[in-house]
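Examining the three-dimensional arrangement
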Amino acid sequence: VKGFAMLGIGKLGWIEKEKPEVGPYDALVKPIVLAPCTSDIHTVFEGAIGDRHNLILGHEAGGEIIEIGSEVKDFKVGDRVVIPAITPDWRSLASQDGYPQHSNGMLSGWKFSNIKDGVFSEGIHINDADMNLAKMPKNMPLEQAVMLSDMASTGIQGAELANIKSGASVAVIGIGPVGLMGVAGAAIHGAGRLFAVGNRKVCTDLALEYGATDIVDYKKGDIVEQILKATNGRGVDATIIAGGDSNAILEAVKMTKPGGTISNVNYFGNGETLPIPRVEWGCGMSHKDIRGGLVAGGRLRMERMIDLCTYKRIAPEKMATHTFDGFKNIEKALLLMKEKPKDLIKPVVFI
Ligand code: NDP
Ligand code: ZN
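Here goes a summary of the coordinates provided.

Viewed as axis vectors pointing N to C, helix α1 (residues 38-45) and helix α11 (residues 330-339) meet at an angle of 80°, and their least axial separation amounts to 9 Å. Considering the angle they form, α1 stands roughly perpendicular to α11. Along the contact surface, α1 presents Thr38, Asp40, Ile41 and Phe45, while α11 presents Leu334, Met337 and Lys338. A per-class count over the contact of α1 with α11 returns four nonpolar, one polar and two charged.

Shown next, in the form of structure tokens:
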């Protein structure tokens with residue numbers, strides 16, 4: 001099978017690989033829609049998770065099953081499916097413990113484009129198909145389906161980890177596609193005042209549509225000062241970090257109230273340590289809870305993301321600002337993520 005790969009740090013290219021073997025519980029899927037992720041950029045150009053050689057990239061896809069294992073019960077050849085970015089080993093102790101994302105080692109539930117070939121491939125191997133695939137509804141637009149693998153699931157997880165009480169004030173730092181879904185997630189989790197920290201108009205417009213009440217421009221002054229001023233010095237109940245550099249942790253701690261929650265879904269691509277401000281963290285005694293997590297995956301999670309779309313709670317397809325036709329254009333789409341033109345939120349490739 002042909003795939004678009006990381007050849008080494010900073011190097012991309014097309015490669016040809018053996019067709020993956022389909023075990024009794026597995027499936028092989030051909031993609032019908034794909035999207036590149038900012039994480040692919042961290043992985044290739046920052047070498048953030050270490051060097052990888054000839055690893056096919058990508059973890060956001062919808063597709064059609066072309067081969068199925070003998071023990072798979074709920075799926076058959078020809079079914080259209082949403083593929084989650086995270087495909088855990090459900091028979092693992094970490095899964096029993098409630099953290100399937102870390103099944104068989106930290107971050108190891110994240111297989112595609114991390115520890116095995118990703119979805120930018122003519123034949124995508126799915127481990128444990130019954131537990132890791134979700135049927136794509138017939139009428140679901142493909143650009144909506146592909147946003148569920150990672151963007152919707154991650155952004156909404158940002159809101160879930162933020163422990164949002166009804167009417168709570170929330171700030172979302174970074175409103176690319178993940179942060180925008182963080183805004184939408186915070187709104188459905190009951191946020192009252194909802195600050196979206198961004199800059200580009202295409203993002204701030206959509207943030208307002210998704211439920212933000214205030215826009216804070218990080219290019220127009222210190223965001224901590226802006227948010228403290230807007231909240232009469234009190235800060236917000238919860239901050240979701242979905243963008244920015246490692247300084248975002250420091251800012252989040254400063255702008256969150258004592259007893260509040262800092263929820264991180266950002267992927268910090270470089271540096272040895274992350275800064276926590278000692279004084280604003282109450283010298284360690286502020287009860288400001290700092291948490292972060294790899295996006296949830298698996299079938300049930302994807303089915304719930306599908307329901308959020310079906311019942312019109314979220315509209316992630318609005319983030320698809322750039323579309324391409326044809327498998328070969330995945331290269332263009334990925335490079336577009338690197339260039340980040342002003343009007344880009346998310347590129348999508350229809351196969
Ligand atoms: P984007 O790069 O599209 O979005 C990040 C946003 O942060 C941009 O819109 C940018 O604004 C904004 N930003 C940049 N600098 C600052 C700053 N100093 N202060 C505030 N905002 C800033 O990324 P994505 O939305 O695709 O992804 C966000 C992060 O989530 C990435 O690190 C990604 O790797 C990670 N991720 C994590 C996952 C997980 O499982 N936890 C899963 C998927 C992604 P502007 O463009 O206007 O300058
Ligand atoms: Zn991703």
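And the narrative resumes.
Turning our attention to the site of ligand 1. Surveying the vicinity of ligand 1 reveals 26 residues, the closest of which are Thr38, Tyr218, Asn266, Val295 and Lys340. In this structure, an oxygen atom belonging to ligand 1 sits 2.5 Å away from a side-chain N or O atom of Lys340. Contact with the protein chains hides 86% of the accessible area of ligand 1, taken as 930 Å² for the molecule alone. Going through the elements one at a time, α1, α5 (148-161) and α6 (177-188) are the ones with two or more residues in the shell around ligand 1. Broken down by element, the residue count for the shell around ligand 1 peaks at three residues, all from α1.

One key point about sheets: their strands pair by backbone hydrogen bonds, in either a parallel or an antiparallel sense. In spatial order, the strands read β11-β10-β9-β12-β13-β14; together these six strands make up an open sheet with parallel pairing. Every other strand in the sheet has two partners, leaving β11 (214-217) and β14 (289-292) as the edge strands with one partner each. Ignoring strand direction, the axes of neighbouring strands in this sheet form an average angle of 20°. By the bridge criterion, four bridges tie strand β9 (residues 170-173) to strand β10 (residues 194-198) in an arrangement that is parallel. Looking at the pairing, Val172 lines up with Ala196 of β10.

This part is about α11. Residues of α11 that are buried: Ile330, Ala333, Leu334, Leu336 and Met337. Buried residues of α11, seen end-on, are gathered within an arc of 150° and therefore sit on one face of the element. Looking at α11, the residues exposed on the side facing more than 90 degrees away from the buried face are Lys332 and Glu339. Summarising the contacts, the buried residues of α11 are in contact with β1 (2-8), β2 (11-16), β3 (27-35), α1, β15 (320-325) and β16 (346-350). Just past α11, the residue Lys340 takes up positive phi, approximately 50°.

The subject of this paragraph is the coordination of the zinc ion (ligand 2). Where a metal carries four tetrahedral donors, each ideal angle is 109.5 degrees; where it carries six octahedral donors, the ideal angles are 90 or 180 degrees. For the zinc ion (ligand 2), the protein coordination sphere consists of Cys37 (SG), His59 (NE2) and Asp150 (OD), at 1.8 to 2.3 Å. Binding-site remark: the zinc ion (ligand 2) is held by donors from one chain whose sequence spacing is C-x21-H-x90-D. On the criterion of sequence distance, the pair formed by Cys37 in the loop between β3 and α1 and Asp150 in helix α5 is long-range, its members being 113 residues apart. What makes Cys37 buried here is its relative accessible area of 3%.

Our next topic: the packing of aromatic side chains. On inspection of all chains with the given rule, the structure shows three aromatic pairs. Arranged with centres 5.4 Å apart and planes meeting at 65°, the rings of Trp14 and Phe327 form a pair that is edge-to-face. One end of the pair, Trp14, is in strand β2; the other, Phe327, is in the loop between β15 and α11, and 313 residues separate them in sequence. On the basis of relative accessibility, which here comes to 14%, the residue Phe327 falls in the buried class. Judged by centre distance (6.1 Å) and plane angle (80°), the ring pair of Trp110 and Tyr267 falls under edge-to-face. Within this pair, whereas Trp110 is found in the loop between α2 (93-96) and β7 (124-126), its partner Tyr267 is found in the loop between β13 (256-264) and β14, the two being separated by 157 residues in sequence. By relative accessible area, Trp110 is classed as buried at 7%. Taking the relative accessible area as the measure of exposure, Tyr267 reaches 18% and is therefore buried.

Below, the discussion takes up the sheet that holds strand β4 (residues 55-56). A sheet is described by the order of its strands in space; here three strands give the open sequence β2-β1-β4, paired in antiparallel fashion. The open sheet has two edge strands with one neighbour each: β2 and β4. Across the face of the sheet, α11 comes into contact with β1 and β2 while running at roughly 160° to β2.

Counting through the fold element by element, Asn132 comes out in helix α3 (residues 129-132). With a relative accessible area of 0%, Asn132 lands in the buried category. Side-chain polar atoms of Asn132 contact the backbone oxygen of Asn127, separated by 2.9 Å. Residues in contact with Asn132, not counting those within four places in the same chain, are Pro84, Ile86, Thr87, Pro88, Trp90, Ile126, Asn127, Gly298 and Arg299.

Moving on to the packing of α5 against α6. At their nearest, the axes of α5 and α6 sit 7 Å apart, and the two run at 50° to each other. In terms of orientation, α5 and α6 fall into the oblique class. Crossing handedness for the pair α5 and α6: right-handed. On the side of α5, the interface is formed by Met151, Ala152, Thr154, Gly155, Ile156 and Ala159, while α6 contributes Pro177, Val178, Met181, Gly182, Gly185 and Ala186. Classifying every residue of the contact of α5 with α6 by side-chain character gives eight nonpolar, four polar and no charged.

Definitions and limits used
- Residues numbered from 1 in each chain as written.
- Chains lettered and ligands numbered in written order.
- Predicted model: local features only at pLDDT ≥ 70, side-chain atom pairs only at ≥ 80, totals over all residues.
- Heavy atoms only, no water.
- Axes fitted to C-alpha atoms, helices over the stretch in contact; angles between N-to-C directions.
- Helix = DSSP H or I, 4+ residues; strand = E, 2+ residues; numbered from the N terminus.
- Parallel < 35°, antiparallel > 145°, perpendicular 65-115°, else oblique.
- Contact = heavy atoms within 4.5 Å.
- Nonpolar A, V, L, I, M, F, W, Y, C, P; charged D, E, K, R; others polar.
- Near = heavy atom within 4 Å.
- Polar contact = N/O pair within 3.5 Å; in protein donor to acceptor, adjacent residues only side chain to side chain.
- Areas by Shrake-Rupley, 256 points an atom, 1.4 Å probe, with all protein chains shown as cover.
- Pairing = 2+ DSSP bridges.
- Buried < 20%, exposed > 50% of the residue type's maximum accessible area, 1.4 Å probe, protein only.
- Arc of directions from axis to C-beta.
- Donors = N, O, S within 2.8 Å, 3.2 Å for Na, K, Ca; no water.
- Phe/Tyr/Trp six-rings, centres within 6.5 Å; stacked < 30°, edge-to-face > 60°.
- Left-handed = near helix turned anticlockwise from the far one by under 90°.

Remember, this is a structural readout, not a statement about activity or role.
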